[in-house]
There are 2 protein chains.
Amino acid sequence: MARRAAPVLHRDNPDKEPLSGHVKVTPEDWLNVARDLLVSEGVAGVKVLAIGERLGVSRSSFYWYFKSRKHLLEALLDDWEARNTAPILDHCEMPATNISWAVCNFFRCFVDPDLFDASLDFAVREWSRRDGKVRNRIDAADAQRLAAVTAMFERHGFSAYEAEARARILYFMQCGYHALEVREPMQARTARLEGYLLGFTGVEPDPEAVAAARIFAEGKMDP
Amino acid sequence: MARRAAPVLHRDNPDKEPLSGHVKVTPEDWLNVARDLLVSEGVAGVKVLAIGERLGVSRSSFYWYFKSRKHLLEALLDDWEARNTAPILDHCEMPATNISWAVCNFFRCFVDPDLFDASLDFAVREWSRRDGKVRNRIDAADAQRLAAVTAMFERHGFSAYEAEARARILYFMQCGYHALEVREPMQARTARLEGYLLGFTGVEPDPEAVAAARIFAEGKMDP
DNA sequence: GCGACCCTGGACAGTCTTGTCCAGAAAAAT
DNA sequence: ATTTTTCTGGACAAGACTGTCCAGGGTCGC
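Residues numbered from 1 in each chain as written. Chains lettered and ligands numbered in written order. Predicted model: local features only at pLDDT ≥ 70, side-chain atom pairs only at ≥ 80, totals over all residues. Heavy atoms only, no water.

## Concerning the side chain of A:Glu126
The condition that has to hold: Under the scheme used here, helices are H or I runs from DSSP no shorter than 4 residues and strands are E runs no shorter than 2 residues, and both carry numbers assigned from the N terminus. Type-normalised accessible area, obtained with a 1.4 Å probe on protein chains alone, sets the label of each residue: buried when under 20%, exposed when over 50%, and partly exposed for intermediate values. Polar contacts, as used here, are pairs of N or O atoms within 3.5 Å; protein pairs need one atom able to donate a hydrogen and one able to accept it. Residues neighboring in sequence count only if both atoms are side-chain atoms. Contacts are residue-level and defined by heavy atoms, with any inter-residue pair within 4.5 Å sufficient.
Among the secondary structure elements, A:Glu126 is positioned in helix H7 (residues 118–128). Since its relative accessible area comes to 12%, A:Glu126 is described here as buried. Here B:Arg130 takes part through its side chain, which lies 2.8 Å from a polar atom of the side chain of A:Glu126. Those residues in contact with A:Glu126 that lie beyond four places of it in its chain are B:Glu126, B:Arg129 and B:Arg130.

This is how it looks when you write it as structure tokens:
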């Protein structure tokens with residue numbers, strides 16, 4: 001199935017009344033609602049009837065577009081894979097004057113929801129705990145992302161061993177933090193990013209980068 | 001409901017054949033199997049029929065001990081609360097000659113499965129994502145544990161602000177790491193603990209503590 | 001031995017889910 | 001305007017799960 005650049009095209013049909021008696025839904029509509037449900041209720045919440053109700057159509061419409069619920073779940077997985085890994089790889093490869101800035105670039109992915117959909121990522125991660133195939137895809141994604149972070153540290157002069165150790169901590173710590181869905185006050189988030197820089201860049205952090213980190217942490221995205 | 005010290009008393013009845021035609025099960029049996037299922041399959045997997053099958057008895061036995069499935073889930077929550085918070089508090093309060101050792105003590109909880117059942121903790125955490133009441137209890141537990149870690153840093157001379165920042169990173173990082181269920185090689189785990197010590201104790205780590213950390217990380221528990 | 005209480009098995013109703021089938025409406029092609 | 005293609009609604013079957021009910025078997029105190 002051809003993978004587009006994931007245009008989020010929720011039905012722009014706010015009035016519940018069908019346009020002309022016949023409601024048209026596309027496979028993307030089913031997929032979008034399915035994704036919402038995956039995030040908010042887990043894979044068990046992705047039910048054909050529930051999606052249909054939210055779209056305002058009957059279940060049989062679903063079976064016109066998808067062979068079965070299983071096929072929908074596979075499409076959902078493809079969709080996730082296309083969305084969430086590329087931004088991390090991109091940001092790890094961005095030019096940075098020193099390791100402090102590089103860590104800031106990495107961190108940026110996790111602050112800006114447009115770059116990385118953390119809710120989606122952890123909905124899939126949760127799903128993977130009950131499904132071996134999903135688990136394999138998560139593992140592959142983690143390996144790919146981790147390799148990018150490791151390469152980032154290596155480009156800034158760390159040995160292969162140290163780069164991997166630091167990459168593991170940085171990446172999994174960030175993911176884990178998101179996974180917990182901690183309600184974190186802004187001040188705490190700033191302190192946390194400073195902690196990353198102090199603890200894991202391995203050198204005295206660049207003061208300018210620390211200043212930028214504060215700005216990132218506060219959600220302002222273009223310093 | 002009186003809370004015992006949670007003696008794990010799985011039915012020691014390996015042969016499936018009932019002892020004398022009449023199988024005896026206790027409420028603890030139902031609870032133990034329910035806990036197993038919560039961990040391995042999530043709250044959706046905690047089904048009366050499934051537990052009964054594993055115990056080798058019919059569902060109606062369940063309704064003798066528990067008013068409903070809902071009541072079982074509440075008992076499960078009480079059980080988790082009694083099990084998993086105390087060890088962390090205890091280990092944070094253990095005497096330590098310096099902050100490096102204190103961090104090691106904390107870390108020890110997460111390495112020894114008898115001290116802290118990480119699988120259970122994150123099964124409950126996952127459950128909390130779909131249930132506001134559970135979420136409140138998780139939040140309360142996190143706050144309690146975090147306060148203990150913060151106090152630990154404060155006892156070793158950190159200011160209130162710094163102690164809290166470091167405690168947040170240390171505790172949530174460790175929890176988050178577990179939450180991801182990363183398959184981590186032993187070498188990586190050792191490197192990670194060293195990273196904690198280097199990054200978050202805030203002082204040049206005690207070499208003896210680092211050595212002890214390696215031992216902890218390798219699962220040997222009594223240096 | 002005997003009665004009282006503890007506990008179990010199986011049947012039943014009710015709800016929710018997936019997946020199939022088919023008549024027929026709406027839109028597109030001719 | 002008519003035919004063809006595309007899509008939808010509702011009915012149906014089958015399976016999983018919860019909760020209720022009740023007859024009756026086991027076990028323990030006396």
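From this point, the narrative continues.
## Some points on the pattern of salt bridges
Cut-off, in case you're wondering: Within this document, salt bridges are pairs made up of a side-chain nitrogen of Lys or Arg and a carboxyl oxygen of Asp or Glu, the two lying within 4 Å of each other.
Counted according to the given criterion, the structure contains 24 salt bridges over all chains. Notably, a salt bridge pairs A:Asp36 with A:Arg54, separated by 3.8 Å at the nearest N-O pair. Taken together, the residues A:Asp36 in helix H1 (residues 27–41) and A:Arg54 in helix H2 (residues 48–55) connect sequence positions 18 residues apart. Residue classification places A:Arg54 among the partly exposed positions, given a relative accessible area of 48%. For A:Arg130, the salt bridge identified is with B:Glu126, shortest N-O distance 2.8 Å.

## Topic: the protein's contact with DNA strand C
Quick note on the threshold: If even one non-hydrogen atom of a residue comes within 4 Å of a molecule or strand, that residue is called near it. Residues are sorted three ways: Asp, Glu, Lys and Arg are charged, Ala, Val, Leu, Ile, Met, Phe, Trp, Tyr, Cys and Pro are nonpolar, and all the rest, Gly among them, are polar.
Looking at DNA strand C, there are 20 residues lining it, with A:Lys47, A:Arg59, B:Ser58, B:Ser60 and B:Ser61 nearest. In DNA strand C, atoms within 4 Å of the protein come 58% from sugar and phosphate. Side-chain polar atom of A:Arg59 to a base oxygen of DNA strand C: 2.4 Å apart, as the coordinates give it. At a separation of 3.1 Å, a phosphate oxygen of DNA strand C approaches a polar side-chain atom of B:Trp64. Elements with a contribution of two residues or more to the surface near DNA strand C: H2 and helix H3 (59–65) of chain A together with helix H3 (59–65) of chain B. Looking at which element gives the most residues to the surface near DNA strand C, the answer is H3(B), with five residues. Partitioning the surface near DNA strand C into residue classes produces eight nonpolar, eight polar and four charged.

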